[in-house]
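Summary of the model geometry
Listed below are the residues making up each chain.
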Amino acid sequence: MVKKIDVLFYFFVSCIGMNAMAQKTSVRKHLNFDAGWKFSLGNAADPAKDFNFGIGNILSKSGETAGTATAVKFNDAGWAPVSLPHDWVVGLPFKYVKNDDIDSHGYKPVGALFPENSIGWYRKSFTVTRADSGGRIALQFDGIYRDSKVWVNGYYIGGHFSGYNGVSFDITDFVHFGQPNIVVVRADATQSEGWFYEGAGIYRHAWLNIYNNVHIKTEGGLYVNSTINGNTSQINIETTVENKAINNSDATVYSYVTDRKGKIVATGKELPLALAINESKTIKEQLTLRDPHLWSLDDPYLYRAVSIVKYGGRVCDSVNVRFGIRTFKFDSDHGFFLNGVPLKVKGVSCHQDHAGVGSALPDHLQYYRIGLLKEMGVNAYRTTHNPPTPELLDACDSLGMVVMDETRLLTSGKEYEQQFRDLILRDRNHASIFMWSIGNEEYVTQRTDIGKRIAQNQILLQQQLDPSRTSTYAANVGNTYHGVNEVIPVRGFNYNLFAIDAYHKEHPGQPVIGTEVASTVTTRSIYVKDTVHAYVPDYDVTYPSWASTAESWWKITVAREWFMGGFAWTGFDYRGEPTPYRWPNINSHFGIMDMCGFPKNVYYYYQSWWTDKDVLHIAPHWNWKGKEGQPIKVWVNTNADNVELFLNGKSLGKKDMERNGHLVWDVNYQPGKLKAIAYKKGKKLVSEVETTEPAYRVILSPSKTTLIADGGDASVVNVSLVDKKGREVPDALNLVHFEINGDAQIIGVGNGDPSSHEADQCLPGKWQRSLFGGKAQIIIKAGSKAGSVVLTATADGLKTATVEIKQVI
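Residues numbered from 1 in each chain as written. Predicted model: local features only at pLDDT ≥ 70, side-chain atom pairs only at ≥ 80, totals over all residues. Heavy atoms only, no water.

1. Description of the sheet that holds strand β3 (residues 80-82)
The strand order β3-β2-β4-β9-β6-β7 describes an open sheet built from 6 strands, whose pairing is antiparallel. Whereas interior strands pair on both sides, the edge strands pair on one side only; in this sheet they are β3 and β7 (155-160). Going from strand to strand, the sheet's axes swing by 25° on average, the running direction of each strand aside. (Pairing = 2+ DSSP bridges. Helix = DSSP H or I, 4+ residues; strand = E, 2+ residues; numbered from the N terminus. Axes fitted to C-alpha atoms, helices over the stretch in contact; angles between N-to-C directions.)

Dropping the structure here:
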C-alpha cells in the first residue's frame, strides 16, 4: 500500500513537473520594454512648443491625432534617444528661485514656474509577432512621474494620475501584428506631489506583457501568505483568473510550491473553474509544508509559489511569485517579534533618489544601497513617502530587511483609495513587508473626525486585501489620541518622543513604534559650521527644533521594552529639503550616509550599537595644516569596553565606554598619527588616522567588475586619492575626468557635497567630478555586447587609474 501511494504521488508530481515545463512555452511573456525610446521636452504653457497638444482636437474622434506628437507618422528624428529608467530632471541645471516648493525639490527648474521643463514626451516603435495574436497584449509602467497619458498607434489608451504607483494598459485592440506599432507617453510634472526631489519621466521599468485570454489577473492575481503551527506551515494561495475570451470558459487551476533550488515541496489539487465572458473568480487553496525554512534577517530564505491555469486540456497561463514563511507579532508590552524572537526595529526612512541618476536607479543600485544599510546594522526600511519601485522590495526580500510600505496620502477618495489598493495588491507577496503605513504627517487631517473616518476606511481595506499584516500611521503629534490614532492598530510617533511614556500609560493596549526619529543633520568630512557653503559639522550634535541626536533617541528606545524601535530620518541624504540652510545648499543633511552612500560619522555610532561587529572609529581625519597647537574635538565611536587614545605615541588618556554612547577628547593638533587602542571582552582593537602627504594617485573601486550585458546592469565606481604611501587623502577636492571605452556608458556622477552645483550628468566625452571630502562616485550602465569595458580616471598632476569591467551575455 505504501509503495502504491508513493507511485501515485510520484506520478502526480511528475505531471506537475511536465506542466511546469509547459508553462515556459505558454503564451505569457513578460518582456523588458526599456530600450529604444525617443524623448523630448514639451511645454506646459505654449501649445506650439508642446507639439500642438491642446490645440489639435485629439478628443474629437477615436484615433484622431490632429498634428500632435501622438501621430504614428510624427517625425521624432530630432528627439533624443533614451533608455529606461529615465529621469529628465536630474540633468537640468540648478536654479535659485525664492519659492518654498522649488527649495524643497532641490532647486531644479521644474514645475509650474518652469513650463519649458515640466512636460516630457516619449515615443517608441515596437513589433508584436503574428504568433502572439489571439491573446492579450498589455503595456506595464512601474512608475511615470507624473499625470501621464498614453497612446498606441494614435489611439488614446488611458491616463494615470500618480507619479509613484504603477499602471497597466490592455492595448490588444490597438496593436498591428507583424508590423511596427508606436506608443507615445506624455508626462506632466507641472504639479508636484511631494516636498522633496521627485524627478520626472518614465523613471522606472516598462514591460510588454503577452498572455492568454483566460489568464491570472494582472493586479494581485496571485496572493500567497502563510501561518505556522509547530513544525508545519499552512500556505494559503489565492489565484484570481479572468476570462477575456469571446466564449464562456471551463478552466482548471492548480498550484504548487518549490524551494530555493526549484524542488517541489508542496502541491495542491487541480480545481475546476467555470468563467463567463469578462468574469473573474478566485480559487483558494491551502497547502501544507512540514519543517519550513523560515525567512529571517540573517537567512532570508525564499520559496516560490506557482499557479497554473489550464484550458482545453493545455496550460494557458502561469504565474509564479517569491514569498517567505515567517511570523510577525506586535505586542504593546514587549514590542515587535519576528518568528517569535523579539526584534528592536533599527530602521531608516529613505527617499528614492541617488547621486548622479536622480530617481532613475538601475536595479543594482537598490541592492547596493540596501547592502550599505545592512553593513551599518539597519534591519528595517520605511519607503517614504510613497510606493517604492518593485526592485527595492526585491532587494529587501533577498538581503533580509523588513519594510514599512507607505502609501502616498492619507485620504480615501476614489483616486487615493485606489492607489492604496494598488499598492497592497502589487506588494503583498513580498516577504520583507511587515506592516503598511497609511500616511505621513497629515497635519490638516490627523486630529479630526474626518481623519478618523479616512483611516478606518483604509485600515479596513488593508485588512480585506492583506489580513496577514497590520497598519500604522506616521503621526507628528505627541500624546494625542483623537483622530487617526483612535483607530490605527499600531501608533506611530514621528519625533515627539518626550510624549511616548504618557501615551503608552494612557493607551496600554496599543503597540507603539517610532515611525520617524532623529533628523540629525551632518555634512560628511566637515567639522566646523560653515554658513557660507551651508555645511554643518560631521558630529552628532546638530538637529532641527523638532528632532534629536542619534544617541538621544536610541537611548530612549533601548530603555523601553514596549517601544518597538524606530526609523531614523534618513538613511541617505537626498536632493531637496535643504536643512538648516537654503541656497546654495541643494540637498538634505539628514542622511546617515551622503547621496553617494559614503558614511558620515554618525554611521559608526549606529554600527557600534546596532551590530556585533568590532567597531572602533576615530573622527575627524588628521589633516589640519595651519591649525597646529589648536584644539580639535576628537570623537570615538565604538562598542568596546574602553579606549585609550594616543597622539604620536603619547597617551591622551583612557576612558570607559558608556553603553549606547560615544567618547570625546579635546586634542591640540600636531601632524602625525592619532591612534586608538580598545579592548572588547579582552579582544584588542586598533584604529588610527594619520596626516597624509599630498595626493599622488587616483584610485577606482567598483562595486563589481562583471556586468550582465543586458543594457540595464550597473556598477558603482567609487573614486578616491592616495598619497605615495598609499594612504587615502581625506580632504582632497581635486577635479577628476572620466573616460569609458567599450559597450557601456557612464550615466551619472556625484560626490556627496550638499552644496555642489556641478552637473550630475555630462555631455559624452566630458564626464568629470570634483572630489568632496576625498571621494566621488560614478555609475556605469552595461551595454548589450559581451567584451571588455575600460574606465579611466585622470586628474592634473596625479597618476592615472584604470579599471576593467567584463560584460558577459
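2. A word on the side chain of Gln419
Along the chain, Gln419 falls in helix α5 (residues 414-427). The class of Gln419 is buried, set by a relative accessible area of 2%. If sequence neighbours within four positions are ignored, Gln419 has contacts with Phe161, Ser162, Asn165, Thr407 and Arg408. (Buried < 20%, exposed > 50% of the residue type's maximum accessible area, 1.4 Å probe, protein only. Contact = heavy atoms within 4.5 Å.)

3. Regarding the nonpolar core
In terms of nonpolar packing, the biggest core is built from 88 residues, with Leu373, Trp553, Tyr606, Trp622 and Val634 touching the most fellow members. Ignoring anything within four residues of it in the chain, the contact list for Trp622 reads Ile632, Val634, Leu647, Val667, Tyr669, Gln670, Gly672, Leu674, Val689, Glu690 and Thr691. Listed in part, the 49 residues of the second largest apolar core include Leu84, Tyr122, Ala189 and Ile202. (Core = buried A, V, L, I, M, F, W, Y, C linked by side-chain atoms within 4.5 Å.)

4. So, the environment of Ala274
Its location among the elements puts Ala274 in strand β16 (residues 271-275). A relative accessible area of 41% means that Ala274 is categorised as partly exposed. In this structure, the C-alpha to C-alpha distance between Ala274 and Thr638, residues 364 residues apart in sequence, is 65 Å.

5. Structural notes on the pattern of salt bridges
By the definition in use, this model includes 36 salt bridges. A salt bridge links Glu279 to Lys281; its shortest N-O distance comes to 4.0 Å. Assessed through its relative accessible area of 26%, Glu279 is described here as partly exposed. For Asp501, the salt bridge is made with Arg560, and the minimal N-O distance between the two is 2.7 Å. Taken together, the residues Asp501 in helix α7 (residues 500-506) and Arg560 in the loop between α8 (550-558) and β30 (563-569) connect sequence positions 59 residues apart. Counted as one network, the salt bridges with shared partners bring together Arg575, Glu758, Asp760 and Arg769. (Salt bridge = Lys/Arg side-chain N within 4 Å of Asp/Glu carboxyl O.)

6. Let's talk about helix α4 (residues 390-399)
Taken across its 10 residues, α4 has 7 buried, putting it largely inside the fold. Of the residues making up α4, those classed as buried are Pro390, Glu391, Leu392, Leu393, Ala395, Cys396 and Asp397. Where α4 is buried, its residues meet β19 (314-323), α3 (363-376), β24 (380-383), β25 (402-406), α5 and β26 (433-440). At the exit of α4 stands Gly400, carrying a positive phi of roughly 95°.

7. So, the sheet that holds strand β8 (residues 167-170)
Pairing within the open sheet is antiparallel, and its 4 strands lie in the order β1-β10-β5-β8. Where the open sheet ends on each side, the last strands, each with one partner, are β1 (29-32) and β8. Within this sheet the neighbouring strands show an average axis-to-axis angle of 20°, counted without direction. In this structure, strand β5 (residues 136-141) lies alongside β8, joined through 4 bridges in antiparallel fashion. Residue pairing for β8: Leu139 is matched across the bridge by Phe169.

8. Examining the pairing of strand β41 (residues 735-741)
Here β41 pairs with strand β43 (residues 768-770) via 3 bridges, running antiparallel. Across the sheet, residue Val736 finds its bridge partner in β43, namely Arg769. Where β41 lies against strand β45 (residues 787-794), 5 bridges are found, and the strand directions are antiparallel. The residue bridging Glu739 from the neighbouring strand is Thr792, located in β45.

9. Description of the packing of aromatic side chains
How two aromatic rings sit relative to each other is set out by the distance from centre to centre and by the angle between their planes. Within the structure shown, the criterion is met by 44 aromatic pairs. Ring geometry for Phe51 against Trp121: centres 6.0 Å apart, planes inclined by 90°, an arrangement best described as edge-to-face. Separated by 70 residues along the polypeptide, Phe51 in the loop between β2 (37-41) and β3 and Trp121 in strand β4 (residues 119-127) bring together distant segments of the chain. You can call Phe51 buried: its relative accessible area is 18%. Residue class for Trp121 comes out buried when judged on its relative accessible area of 0%. Through a chain of ring-to-ring contacts, three or more aromatic side chains come together here, namely Phe33, Trp37, Phe39, Trp88, Tyr122, Phe126 and Phe141. A cation over a ring is seen here: Arg491 above Tyr503, with NZ or CZ 4.6 Å from the ring centre. (Phe/Tyr/Trp six-rings, centres within 6.5 Å; stacked < 30°, edge-to-face > 60°. Lys NZ or Arg CZ within 6 Å of the ring centre and 35° of its normal.)

10. A look at helix α6 (residues 449-465)
Given 3.6 residues per turn, any residue in an α-helix points the same way as the ones three and four places further on. In this model α6 runs 24 Å from its N-terminal to its C-terminal C-alpha over 17 residues, within 8% of the 24 Å that 1.5 Å per residue would give. For α6, the full list of buried residues reads Gly451, Ile454, Ala455, Gln458, Ile459, Leu461, Gln462 and Leu465. Along the long axis of α6, the arc covered by the buried residues comes to 160°, so they all point the same way. In this structure, α6 carries Arg453 and Gln464 as exposed residues pointing more than 90 degrees from its buried face. The inward-facing, buried residues of α6 contact β12 (222-229), α5, β26 and β27 (470-475). (Expected span 1.5 Å × (residues − 1). Arc of directions from axis to C-beta.)

11. Considerations on unusual backbone geometry
Of note, the amide linkage connecting Trp569 to Thr570 takes the cis form, showing an omega dihedral of -5°. Tracing the backbone shows Thr570 in the loop between β30 and α9 (601-610). Backbone torsion omega between Ala619 and Pro620 reads 5°, so that peptide bond is classified as cis. Among the structural elements, Pro620 can be located in the loop between β31 (616-619) and β32 (631-638). In this model, Asn648 sits at a positive phi of 50°, which is unusual for a non-glycine residue. Mapped onto the fold, Asn648 is located in the loop between β33 (642-647) and β34 (650-656). Residue classification places Asn648 among the partly exposed residues on the basis of a relative accessible area of 40%. The backbone phi angle of Asn660 is positive, close to 65°, even though this residue is not glycine. Secondary-structure assignment places Asn660 in the loop between β34 and β35 (663-668). Since its relative accessible area comes to 10%, Asn660 is described here as buried.

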